[in-house]
Amino acid sequence: MTKYPNILITGGAGFIGSHVVRRLVKNSNYKVVNLDNLTYAGNLENLSDIEANDNYEFVKGDICNSLFIEQLFKDYDFKSVVHLAAESHVDRSISNPIEFINTNVLGTVNLLNAAKNTWMGDFAERRFYHISTDEVYGSLGEKGFFTETTSYDPQSPYSASKASSDHFVRAYGNTYGLPYIISNCSNNYGPNQFPEKLIPLMIHNIKNEQPLPVYGKGENIRDWLYVEDHARAIELILEKGGDGETYNIGGFNEWKNLDLVRLLCDIMDSKLGNPQGTSRELITFVKDRAGHDHRYAIDASKIQKDLGWEPSLQFREGLEKTVDWYFDNEQWLKDVTTGDYLKYYDDHYKNR
Ligand code: NAD
Ligand code: TYD
C-alpha cells in the first residue's frame, strides 16, 4: 500500500475545518491527521461520512499543550500544516477575551514552535499554512476594499488575537525561515456552521418561530462566501500558493445584515409554505454589539489572477443550499443546540 505523507489539519471538527478535511481526504495524496480539542464548536458528526477512510485519522488534543504538540510533530513528521483551530466568535471574545488569547495566540505559537523545532534543517517542501480572517484589517467606511497590503487595524478581541497570530507566523518566517502562507477570508456560511453565527442562528430561529435578533439597526455590512468555495481556495493555495505569500479570499458579495435577514426570511417562507412576510415579523432589533465593525469587503483579485480562483455560487443559490442542508439535518441541529450552547444563548441574549 502507498504511504502518503502526513498533513496536520487543526480545528478539523469545526465548521470550515470539516469541509477542508473532507476535500483533502477525498482529493489529495495526504494522510490527513485532524487535531481538534472538541470545544463547543467542534463536532465529529461533521465528518461521519469520511471517518473510516484509510487516509484519515482523528487526534483529540489541545494546541495550547506545548509538550503534547511537540511530541505529535515528532511522531508524525508532518509535511504540511493547515491551521484552522481557533476561538472564532466575536461575541464570545467580548465576554471572554483571555480564552481567545490562549487558543488563537498561544496555541498558534505552540504549533509554530513545534514546526520550527521539528523541521529545522529540512524546510524544503514543508509548509505552515495559517487560516486567518479579513477582520484583522479593521472596519471599512462605505467605500474601499481590504487588499493584501492593507494595514492591520483589529477592533475586537477576536480580531486582535487573530492579527497577533498572523504577526507571529510572519515573524517565524522572517526569523527562522519557516515556510508559511497566510490567507484572510471574509464571512463564511453554509452547512455545519454552529448556530451562534448570524445565518444558522436565523435559520434555526425562523424554523422555530423565535425572535430574530438583529444588532443595532442592521446596517452593518459583511462580504459572504459559501464555505465550500473557501475550502476549495484553501486546497488550491496549499497546492499552488507561493511561500511567504498572503491571499485575501472573499465573495464579492456584500450584504447589509437587515437585507440578508429579510432575504433569508423570504426564502424560508417559500420553503415552509408560509405566506410571504410571515417570518419578517420575527425580526427584533436588539442592543448593538460593543465596538461593532461597520463593514468588511475583500478585494480578492490576487487569488483570482494568480491562482484562477473564483466563488462558484450566487448568494441566493448558496443560501437555498444552506437552508436545505439545515432542513435535511434536523438531528445535527438538535444535537448542537444543547448544553453549553443553550447556557451561552440564555446568558447572551436574555438582557438584550
Ligand atoms: P469553528 O469555531 O467552527 O471551529 C473551530 C475548531 O477549532 C473547533 O472544532 C474547535 O473544537 C477547535 N479548537 C478550538 N480550540 C482548540 C484548541 N485549543 N485545540 C484544538 N482545537 C481547538 O471555526 P470556523 O468558523 O470553522 O473557523 C476556522 C478558522 O477560520 C478560524 O481560524 C477562523 O478564525 C477562520 N475564519 C473563519 C471565518 C468564518 O466566517 N467562520 C472567516 C474567516 C476566517
Ligand atoms: P457573525 O456571524 O457573528 O460574524 P462576524 O461578527 O464575525 O462578522 O455576525 C455577522 C453580522 O451579523 C455581524 O455584523 C453581527 C450581526 N449579528 C446580528 O445582527 N445578530 C446576531 O444574532 C448575530 C449572531 C450577528
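Each value, and the rule that gives it
- Residues numbered from 1 in each chain as written.
- Chains lettered and ligands numbered in written order.
- Predicted model: local features only at pLDDT ≥ 70, side-chain atom pairs only at ≥ 80, totals over all residues.
- Heavy atoms only, no water.
- Helix = DSSP H or I, 4+ residues; strand = E, 2+ residues; numbered from the N terminus.
- Buried < 20%, exposed > 50% of the residue type's maximum accessible area, 1.4 Å probe, protein only.
- Contact = heavy atoms within 4.5 Å.
- Core = buried A, V, L, I, M, F, W, Y, C linked by side-chain atoms within 4.5 Å.
- Axes fitted to C-alpha atoms, helices over the stretch in contact; angles between N-to-C directions.
- Left-handed = near helix turned anticlockwise from the far one by under 90°.
- Nonpolar A, V, L, I, M, F, W, Y, C, P; charged D, E, K, R; others polar.
- Near = heavy atom within 4 Å.
- Polar contact = N/O pair within 3.5 Å; in protein donor to acceptor, adjacent residues only side chain to side chain.

### A look at the side chain of Thr103
Part 1 of the argument: By the element assignment, Thr103 lies in helix H4 (residues 97-119).
Part 2 of the argument: Its relative accessible area of 16% is what places Thr103 among the buried residues.
Part 3 of the argument: Setting aside its immediate chain neighbours within four residues, Thr103 contacts Ile63, Cys64, Ala86, Glu87 and Thr108.

### Comments concerning the nonpolar core
Part 1 of the argument: Ranked by internal contacts, the top residues of the largest apolar core, which has 41 residues, are Val32, Val82 and Ile303.
Part 2 of the argument: For this core, the elements supplying multiple residues, two or more each, are strand E1 (6-10), helix H1 (15-27), strand E5 (127-133), strand E6 (180-185), helix H7 (227-240), strand E10 (246-249) and helix H9 (301-307).
Part 3 of the argument: With seven residues, H7 is the largest single contributor of residues to this core.
Part 4 of the argument: The residues contacting Ile303, other than those within four sequence positions of it, are Ala233, Ile237, Tyr247, Asn248, Ile249, Gly308 and Trp309.

### Things to note about the packing of helix H2 (residues 66-76) against H4
Part 1 of the argument: Relative to each other, H2 and H4 sit at 40°, their axes nearing to 9 Å. H2 and H4 meet at a crossing whose hand is right-handed. Contacts from Ser66, Ile69, Glu70, Phe73 and Lys74 in H2 reach Asn110, Leu111, Asn113, Ala114, Ala115, Asn117, Thr118 and Trp119 in H4.
Part 2 of the argument: Along the lines of polarity and charge, the residues of the contact of H2 with H4 split into six nonpolar, five polar and two charged.

### Some words on the site of ligand 2
Part 1 of the argument: By nearness alone, 18 residues border ligand 2, and Glu135, Pro213, Arg222, Arg289 and His292 come closest of all.
Part 2 of the argument: Note that an oxygen atom of ligand 2 is positioned 2.9 Å from one of the backbone N or O atoms of Leu198.
Part 3 of the argument: Within the side chain of Asn257, a nitrogen or oxygen atom sits 2.9 Å from an oxygen atom of ligand 2.
Part 4 of the argument: Looking at the shell around ligand 2, the elements that each hand over two or more residues are helix H6 (198-207) and strand E8 (212-215).
Part 5 of the argument: Here the shell around ligand 2 gets three residues from one element, more than from any other, and that element is E8.
Part 6 of the argument: Broken down by class, the residue content of the shell around ligand 2 amounts to eight nonpolar, five polar and five charged.

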